[in-house]
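The residues making up each chain are set out below.
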Amino acid sequence: MGLTKTEIFNDEQNQLATLLKAMAHPARIAILQRILISNTCICGDLVEELGLAQATISQHLKELKTAGIIQGTIEGVSICYCINPVTWKLLENQLGAFLGAYKGETKCC
């Protein structure tokens, strides 16, 4: 098939796919859950909680930040991360609409 032909899909489809791809790892889900549970910014305490190496967590945080799902601020020598509320709301709306489009069981399969 060659190159991914994102131009044949609409902006919403491409955006939702990008966000879901960024979340598609158990460590990233765990990071997001930790941020959501704390309801505040996370500043470097994920290594002990998740049991992963700092470099591994940093890579996952980078992927989430690049996708715009989280945002970071520098505080002294550490970077603190929190949910990006604009992207989170967009993800909630798009994923909710996508999942809500299913109308129930059919007799076709």
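Residues numbered from 1 in each chain as written. Predicted model: local features only at pLDDT ≥ 70, side-chain atom pairs only at ≥ 80, totals over all residues. Heavy atoms only, no water.

Within an unreviewed UniProt entry, the label attached to the protein reads Transcriptional regulator, ArsR family, and the organism entered is Pedobacter westerhofensis.

## Examining the UniProt feature "domain: HTH arsR-type" (unreviewed entry) in the protein
Per the UniProt annotation, the sites labelled "domain: HTH arsR-type" (unreviewed entry) are residues 8-102. End-to-end, the C-alpha atoms of residues 8-102 are 23 Å apart, and along that stretch the chain is 63% helix and 13% strand. (UniProt positions renumbered as here; feature names shortened; annotations may be inferred. Helix = DSSP H or I, 4+ residues; strand = E, 2+ residues; numbered from the N terminus.)

## What to know about the nonpolar core
Residues Ile31, Leu32, Ile35, Leu61, Ile69 and Ile70 are the most contacted members of the largest nonpolar core, which totals 17 residues. Of all the secondary-structure elements, those providing two or more residues to this core are α1 (11-23), α2 (26-38), α4 (54-66) and β2 (78-83). (Core = buried A, V, L, I, M, F, W, Y, C linked by side-chain atoms within 4.5 Å. Buried < 20%, exposed > 50% of the residue type's maximum accessible area, 1.4 Å probe, protein only.)

## Some points on the pattern of salt bridges
When their charged atoms lie close together, side chains carrying opposite charge are able to pair. Per the stated rule, a full pass over the model turns up 2 salt bridges. Arg34 serves as the salt-bridge partner of Glu49, at 2.3 Å between the closest nitrogen and oxygen. You can see Glu49 sitting in helix α3 (residues 46-50) and its partner Arg34 sitting in helix α2, a full 15 residues away along the chain. With its nearest N and O atoms 3.3 Å apart, the salt bridge here joins Lys89 to Glu92. Of this pair, Lys89 and Glu92 both sit in helix α5 (residues 85-100), 3 residues apart, which is roughly one turn of the helix. (Salt bridge = Lys/Arg side-chain N within 4 Å of Asp/Glu carboxyl O.)

## Observations concerning the side chain of Arg28
Assignment of secondary structure puts Arg28 in helix α2. Within the buried core, Arg28 has no salt-bridge partner, and the shortest N-O distance to an opposite charge, that of Glu63, equals 4.7 Å. In contact with Arg28, other than residues within four places in its own chain, are Lys21, Ala22, Met23, His60, Glu63 and Leu64. (Lys, Arg positive; Asp, Glu negative; His and termini not counted. Contact = heavy atoms within 4.5 Å.)

## Looking at the packing of α1 against α5
At a closest axis distance of 10 Å, the pairing of α1 and α5 adopts a crossing angle of 110°. With respect to α5, the axis of α1 lies roughly perpendicular. Residues Glu12, Gln15, Leu16, Leu19, Leu20 and Met23 of α1 pack against Thr87, Leu90, Leu91, Gln94, Leu95 and Phe98 of α5. Classifying every residue of the contact of α1 with α5 by side-chain character gives 8 nonpolar, 3 polar and 1 charged. (Axes fitted to C-alpha atoms, helices over the stretch in contact; angles between N-to-C directions. Parallel < 35°, antiparallel > 145°, perpendicular 65-115°, else oblique. Nonpolar A, V, L, I, M, F, W, Y, C, P; charged D, E, K, R; others polar.)

## A closer look at the pairing of β2
The sheet contact formed by strand β1 (residues 70-75) and β2 spans 6 bridges and is antiparallel. Bridging from a neighbouring strand, Thr73 pairs with Cys80 of β2. (Pairing = 2+ DSSP bridges.)

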